[in-house]
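Secondary and tertiary structure notes
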Protein chains: 2
Amino acid sequence: MPVRFTDHIASLPATIPFVGPETAERQRGKQFLARIGANESVFGPSPRAIAAMAASLGEIWKYCDPENHDLRAGIAKHYGISPDNVVIGEGIDGLLGLGVRLFVEQGVSVVMPDGAYPTFAFHVNGFAGNLVKVPLVDDRESIDDMLEAARRYKARILYLSNPNNPMGTFWEAGDLRRLADNLPDGCVLFLDEAYCEFAPEGSLLPVDVSEAKVIRFRTFSKAYGMAGARIGYTIGQADVIAAFNKIRNQYGISRVGQIGALAALGDQDWLKDVCSRTAQGRERLYQIAADNGLKAIPSNTNFVTMDCGRDPVFAKSVLDGLVGQGIFVRMPFAAPGNRCIRVGVGTEADLDLFAQVLPRVLRTVGK
Amino acid sequence: MPVRFTDHIASLPATIPFVGPETAERQRGKQFLARIGANESVFGPSPRAIAAMAASLGEIWKYCDPENHDLRAGIAKHYGISPDNVVIGEGIDGLLGLGVRLFVEQGVSVVMPDGAYPTFAFHVNGFAGNLVKVPLVDDRESIDDMLEAARRYKARILYLSNPNNPMGTFWEAGDLRRLADNLPDGCVLFLDEAYCEFAPEGSLLPVDVSEAKVIRFRTFSKAYGMAGARIGYTIGQADVIAAFNKIRNQYGISRVGQIGALAALGDQDWLKDVCSRTAQGRERLYQIAADNGLKAIPSNTNFVTMDCGRDPVFAKSVLDGLVGQGIFVRMPFAAPGNRCIRVGVGTEADLDLFAQVLPRVLRTVGK
């Protein structure tokens, strides 16, 4: 080949973090009947956000504001912080990529829970980092094990999501405080809070932008119902945010998304209602699991992870059975989570279908 | 500071490629009367694209297809190539960032024309490359000088835009063929073709995806009139495209943009009409320049660069005068282009206003 990639790029295997439902639909030759596998919000965004986006289309010929000024100002006001503590990116995925690039180069270690967000691992590998995966204990991260790994490997990043994906569990603010306080020197906490709007009171570490070592990632893709708009944001100490600005794609955000996210943020009543409907959907999923002899793990997100009660091969056969019946769900891919399937809160019709299909699948796979 | 960035990030100065018009509007405290400085298309996208995007908003709760399958298939069909020869990104800006990352690390040299696209330079600096800037000759790139620089500095990338921004000039396909054929070993051509739809027949290097060393960047931001949707694409040999896939943000593209771009691509009559209206706008700009004693450089884009006939300080004062009167334009920032201002094709009202304000500004600054 006449082109000369960097050594790292040349050695990097072709990989994708995870396959989208559209790929499966193309393979199946038909659309899913229920799309409850990507932790999207079937309730969608505030009608105000839809209206604002629709109104913005007449100006789609204009580039986005590269400073994301209005959206940053809105987010800053929402949290009582300065816009200098906020950077917008192409979803949490894009921001995790930038964040990793700030800290990671050949041989730098990064600690993450085993089975946690594959896109984070993708970025660490992409920047030649040394990934240290720490197994979950009791279906959530072991704070002590993670801190010990960070010390042993001199990690520069410790990644954790709270509430947790793919298990739906969470840590109390006090435990997270202990984690942050005991990070070894030179190690920052990447706190992925994609599901924070669904979290119970008191389970979120209070926002404190004076603390450089805590870097938080939040999004309009989950509770705000705008996954397709690709708007995530990072909250952090101003010098850390300034570092993101040194390298980010200044024109990476769609104008439609900027405008929609700001409108969505302005409708907290809608958000509250979505969270309430999501809680009802979780209850329904708990009931369906119980009705079928599966043990639902109590969730603080918009999905419920269900213990299928046997080994990963069995869980995979349940998953495949559901997918084969037109229900898009996913499953955790590492132990101990891989004894489970992960089912999103859907519309009533989605959950009716799931309730109807699950027992059939379980009979077929021999539960 | 308790956080430990990589050495390169720590040493990288805070910088932005260029300031958006919204920033200037915030500073002025009022909106521009004519927005003809960012080479956007005031004619907007095909009404079919607008309709498709509007219809897509009801599904904004869904993530984008991470493979960008349908859009890649549409682009591939348009060019008679395979979808494996196409990767979609967050505008050409995003794709240039990925492209640089594939080839550049500490100390790798990259050749670009002096005064060419600042965002490309931003990415090269961001990945610790050694930027070699080659001055323009007669307001376009010197192919021989660039090739010589690539050889001397063992460059891995030679960047060139055709038609050229910020001058509007272009090279014939035969000259570009000579450039590609004479690239030193291990050097690829980044051919930025953002303005290709406006280019005269015969001025574009024919698409040949068997050639790994020619990597092309195109966009829906210019002639297709969708800058706010942030959809660019790279065309190249399949192994090169596969390398982009190893590192790109799989979920970086808005679903609205994916759908809108595909619809825009399907309306080639609209594109043709936009190109024709853009050509008329250029003629009008030539006339305005001539009426005011400025020498317009013949353009093959949606902007016209006008020689103000004196030094960069004078050109800057003309620019500032226009901006002060509510007309957003820009100017090339390196010699020899910085004797000029760059004015985009606008609506009739935009160009009427420009025609009215320019003589007043020239009188004020003492032409």
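A brief look at the structure comes next. (Residues numbered from 1 in each chain as written. Chains lettered and ligands numbered in written order. Predicted model: local features only at pLDDT ≥ 70, side-chain atom pairs only at ≥ 80, totals over all residues. Heavy atoms only, no water.)

Structural notes on the interface of chain B and chain A
Across the contact, 83 residues belong to chain B and 83 residues belong to chain A. Carbon and sulfur atoms supply 61% of the area buried between chain B and chain A, which totals about 7,000 Å² over both sides. If you sort the residues of chain B by the area they bury against chain A, W61, Y63 and K246 of chain B come out on top, with a joint share of 13%. Our count for the chain B to chain A interface comes out at six salt bridges. Residue R255 of chain A pairs with E22 of chain B through a salt bridge whose shortest N-O separation is 3.4 Å. Counting residues per element, the ones that place at least two in the side of chain B that touches chain A are α1 (7-11), α2 (21-28), α3 (47-56), α4 (69-79), α5 (91-103), α6 (118-126), α9 (238-247) and α10 (255-265) of chain B. If you tally residues by element for the side of chain B that touches chain A, the top one is α9 of chain B, at six residues. The residue makeup of the side of chain B that touches chain A, split by class, is 41 nonpolar, 19 polar and 23 charged. (Contact = heavy atoms within 4.5 Å. Buried area = accessible area lost by both parts, 1.4 Å probe. Salt bridge = Lys/Arg side-chain N within 4 Å of Asp/Glu carboxyl O. Helix = DSSP H or I, 4+ residues; strand = E, 2+ residues; numbered from the N terminus. Nonpolar A, V, L, I, M, F, W, Y, C, P; charged D, E, K, R; others polar.)

What about the pattern of salt bridges?
All names here are of chain B. Enumeration according to the criterion identifies 38 salt bridges over all chains in this entry. Linking E40 and R35 is a salt bridge whose minimum nitrogen-to-oxygen distance equals 2.7 Å. The two residues E40 and R35 agree in class, both being buried. (Buried < 20%, exposed > 50% of the residue type's maximum accessible area, 1.4 Å probe, protein only.)

Quick notes on the nonpolar core
Counting 130 residues, the largest nonpolar core has F120, F190 and F220 of chain A together with F120, F190 and F220 of chain B as its most contacted members. Not counting residues within four places of it along the chain, the set of residues in contact with F220 of chain A comprises L71, I75, G225, M226, A227, I231, Y233, A261, A264 and L265 of chain A. Among the nonpolar cores identified, the runner-up in size contains 40 residues, and A38, V304 and V357 of chain A together with Y251 of chain B belong to it. (Core = buried A, V, L, I, M, F, W, Y, C linked by side-chain atoms within 4.5 Å.)

Brief notes about the side chain of S109 of chain A
Mapped onto the fold, S109 of chain A is located in strand β3 (residues 109-113). Excluding its chain neighbours within four sequence positions, the residues that come into contact with S109 of chain A are N130, V132, Y153, A155, R156 and I157 of chain A.

Considering the sheet that holds β3 of chain A
All names here are of chain A. Here seven strands make up an open sheet; going across it, the order is β2-β8-β7-β6-β5-β3-β4 and the pairing mixed. Taken across any chain shown, the strands that pair with only one partner, and hence form the sheet edges, are β2 (86-89) and β4 (130-134). Neighbouring strand axes in the sheet, compared pairwise and without regard to direction, differ in orientation by 20° on average. Of the strand pairs in this sheet, β3 and β4 are connected by five bridges, and their pairing is parallel. When the bridges of β4 are listed, S109 appears paired with N130. (Pairing = 2+ DSSP bridges. Axes fitted to C-alpha atoms, helices over the stretch in contact; angles between N-to-C directions.)

Brief notes about the sheet that holds strand β12 (residues 340-344) of chain B
Two orientations exist for strands paired in a sheet by backbone hydrogen bonds: parallel and antiparallel. Residue and element names in this part refer to chain B. Taken in spatial order, the three strands make up an open sheet running β9-β10-β12, and their pairing is antiparallel. One side of each edge strand has no neighbouring strand; the edge strands of this open sheet are β9 (295-297) and β12. Ignoring which end each strand starts from, the neighbouring axes of this sheet average 30° apart. Looking at chain direction, β9 and strand β10 (residues 303-307) are connected through three bridges and run antiparallel. Paired with K295 across the bridge in β10 is D307. Running over the sheet, helix α11 (residues 268-291) touches β9, β10 and β12 and is turned about 15° from β10.

What about the packing of α5 of chain B against α9 of chain B?
Residue and element names in this part refer to chain B. The geometry of α5 relative to α9 is characterised by a closest axis approach of 10 Å and an angle of 100° between their N-to-C directions. When the interaxial angle is binned, α5 and α9 end up roughly perpendicular. Touching L95, L98, G99, R101 and L102 of α5 are V240, A243, F244 and I247, all from α9. Among the residues forming the contact of α5 with α9, the class breakdown is seven nonpolar, one polar and one charged. (Parallel < 35°, antiparallel > 145°, perpendicular 65-115°, else oblique.)

Describing helix α5 (residues 91-103) of chain A
Here α5 of chain A is 13 residues long and its end C-alpha atoms lie 19 Å apart, about the 18 Å a rise of 1.5 Å per residue gives. In terms of burial, α5 of chain A is a largely internal element, 13 of the 13 residues being buried. (Expected span 1.5 Å × (residues − 1).)

A look at the relation of the copies chain B and chain A
Superposing chain B onto chain A takes a rotation of 180° combined with a translation of 0.0 Å along the rotation axis, leaving an RMSD of 0.0 Å. Given the turn and translation reported, the copies of this chain are related as if by a two-fold rotation axis. Nearest to the rotation axis, the C-alpha of A54 of chain B is located 2.9 Å from it, this being the minimum over chain B. In this assembly the copies share their binding face: 100% of the residues contributing to the interface of chain B also contribute to that of chain A. (Least-squares fit on C-alpha atoms with pLDDT ≥ 70 in both.)

Points about the packing of aromatic side chains
This structure, assessed with the given rule, holds 26 aromatic pairs over all chains. An aromatic cluster is defined as three or more aromatic residues linked by ring pairs; in this entry it consists of F5 of chain A together with F103, F120, Y159, F190 and F217 of chain B. A cation over a ring is seen here: R140 of chain A above W171 of chain A, with NZ or CZ 3.6 Å from the ring centre. (Phe/Tyr/Trp six-rings, centres within 6.5 Å; stacked < 30°, edge-to-face > 60°. Lys NZ or Arg CZ within 6 Å of the ring centre and 35° of its normal.)

Let's talk about the environment of A355 of chain B
All names here are of chain B. Relative to the helices and strands, A355 resides in helix α13 (residues 348-365). Owing to a relative accessible area of 25%, A355 belongs among the partly exposed residues under this scheme. Along the chain, A355 and S254 lie 101 residues apart, while their C-alpha atoms are 38 Å from each other. Setting aside chain neighbours within four positions, we find A355 in contact with R284 and I288.

Regarding helix α11 (residues 268-291) of chain A
Residue and element names in this part refer to chain A. Taking 1.5 Å per residue as the helical rise, α11 with its 24 residues ought to reach 34 Å, and the 35 Å between its terminal C-alpha atoms agrees with that figure. Taken as a whole, α11 has its buried residues at L271, V274, C275, T278, G281, R282, L285, I288 and A289. Against the buried residues of α11 lie β9 (295-297), β10 (303-307), β12 (340-344) and α13 (348-365). Remark: G293 follows α11 within two positions and exhibits a positive phi of approximately 75°.

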